Amino acid sequence: MRPFITMAAAALPVLTGNAAAHAVPSEAAVRSSGSAPACVEVGPGWRYTFVTNDCAETHTPTVAYSDGRDVPCRVARPGDHLTFPGYGTRGDRVLGAVLCSGAPSSRGPGATGASPG
């Protein structure tokens, strides 16, 4: 049992150092760094966060959380409803939807995310 405790104690600085390297975004930072347009609506909930694309064009949003959690970007065509993780029960908050940088657009031929057929 003692080797396990030593190993866990040795890994602790690595784990906390890595977690400290991820800065938690502020609401102002989220708003200024690629916030989704108003037609990309967010409905936060404790279990799920729903994002609806009411825009005329395709967007690739993700959701920003106050704890800095990283969730994958998803393609949302006009009228699409996406489901992301909720804010949970431990004091986290949904800051809003942000557009992913370098995300493909549906404007023009060759856009990704098109329906097959």
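Residues numbered from 1 in each chain as written. Predicted model: local features only at pLDDT ≥ 70, side-chain atom pairs only at ≥ 80, totals over all residues. Heavy atoms only, no water.

Q: What is the right way to read the nonpolar core from this model?
A: One recurring pattern in soluble globular proteins: nonpolar side chains tend to sit buried together. Grouped together as the largest cluster of nonpolar side chains are 12 residues: Ala36, Val40, Val51, Cys55, Val63, Tyr65, Val71, Ala76, Leu82, Phe84, Val94 and Ala97. Going through the elements one at a time, β3 (61-65), β4 (81-85) and β5 (94-99) are the ones with two or more residues in this core. (Core = buried A, V, L, I, M, F, W, Y, C linked by side-chain atoms within 4.5 Å. Buried < 20%, exposed > 50% of the residue type's maximum accessible area, 1.4 Å probe, protein only. Helix = DSSP H or I, 4+ residues; strand = E, 2+ residues; numbered from the N terminus.)

Q: I would appreciate a short explanation of the pattern of salt bridges in the present structure.
A: Side chains that differ in charge, positive against negative, can pair when their charged atoms come close. Scanning the entire structure with this criterion turns up 2 salt bridges. Among the salt bridges present, the one from Asp92 reaches Arg69, with a minimum N-O distance of 2.7 Å. Separated by 23 residues along the polypeptide, Asp92 in the loop between β4 and β5 and Arg69 in the loop between β3 and β4 bring together distant segments of the chain. Overlapping salt bridges, with partners in common, bring together Asp67, Arg69 and Asp92 in one network. (Salt bridge = Lys/Arg side-chain N within 4 Å of Asp/Glu carboxyl O.)

Q: Would you mind showing me how to read the packing of aromatic side chains here?
A: Describing an aromatic ring pair means giving the distance of the ring centres and the angle of the ring planes. Following the criterion strictly, the structure yields 1 aromatic pair and no others. Their ring planes at 45 degrees and their centres at 6.2 Å tell us that Tyr48 and Phe50 sit as a pair that is tilted. Overall, the relative accessible area of 43% leaves Phe50 in the partly exposed class. The cationic tip of Arg74 hangs over the ring face of Phe84; the distance from NZ or CZ to the ring centre is 5.5 Å. (Phe/Tyr/Trp six-rings, centres within 6.5 Å; stacked < 30°, edge-to-face > 60°. Lys NZ or Arg CZ within 6 Å of the ring centre and 35° of its normal.)

Q: Is there a simple way to explain the environment of Arg74 in this structure?
A: When you line up the elements, Arg74 lands in the loop between β3 and β4. The spacing of Arg74 and Leu99 is 25 residues in sequence and 9.5 Å in space, taken between C-alpha atoms. With residues up to four places along the chain from it excluded, the contact list for Arg74 reads His59, Thr60, Pro61, Leu82, Thr83 and Phe84. In terms of polar contacts, Arg74 uses its side chain to reach the backbone carbonyl oxygen of Thr83, at 2.7 Å. (Contact = heavy atoms within 4.5 Å. Polar contact = N/O pair within 3.5 Å; in protein donor to acceptor, adjacent residues only side chain to side chain.)

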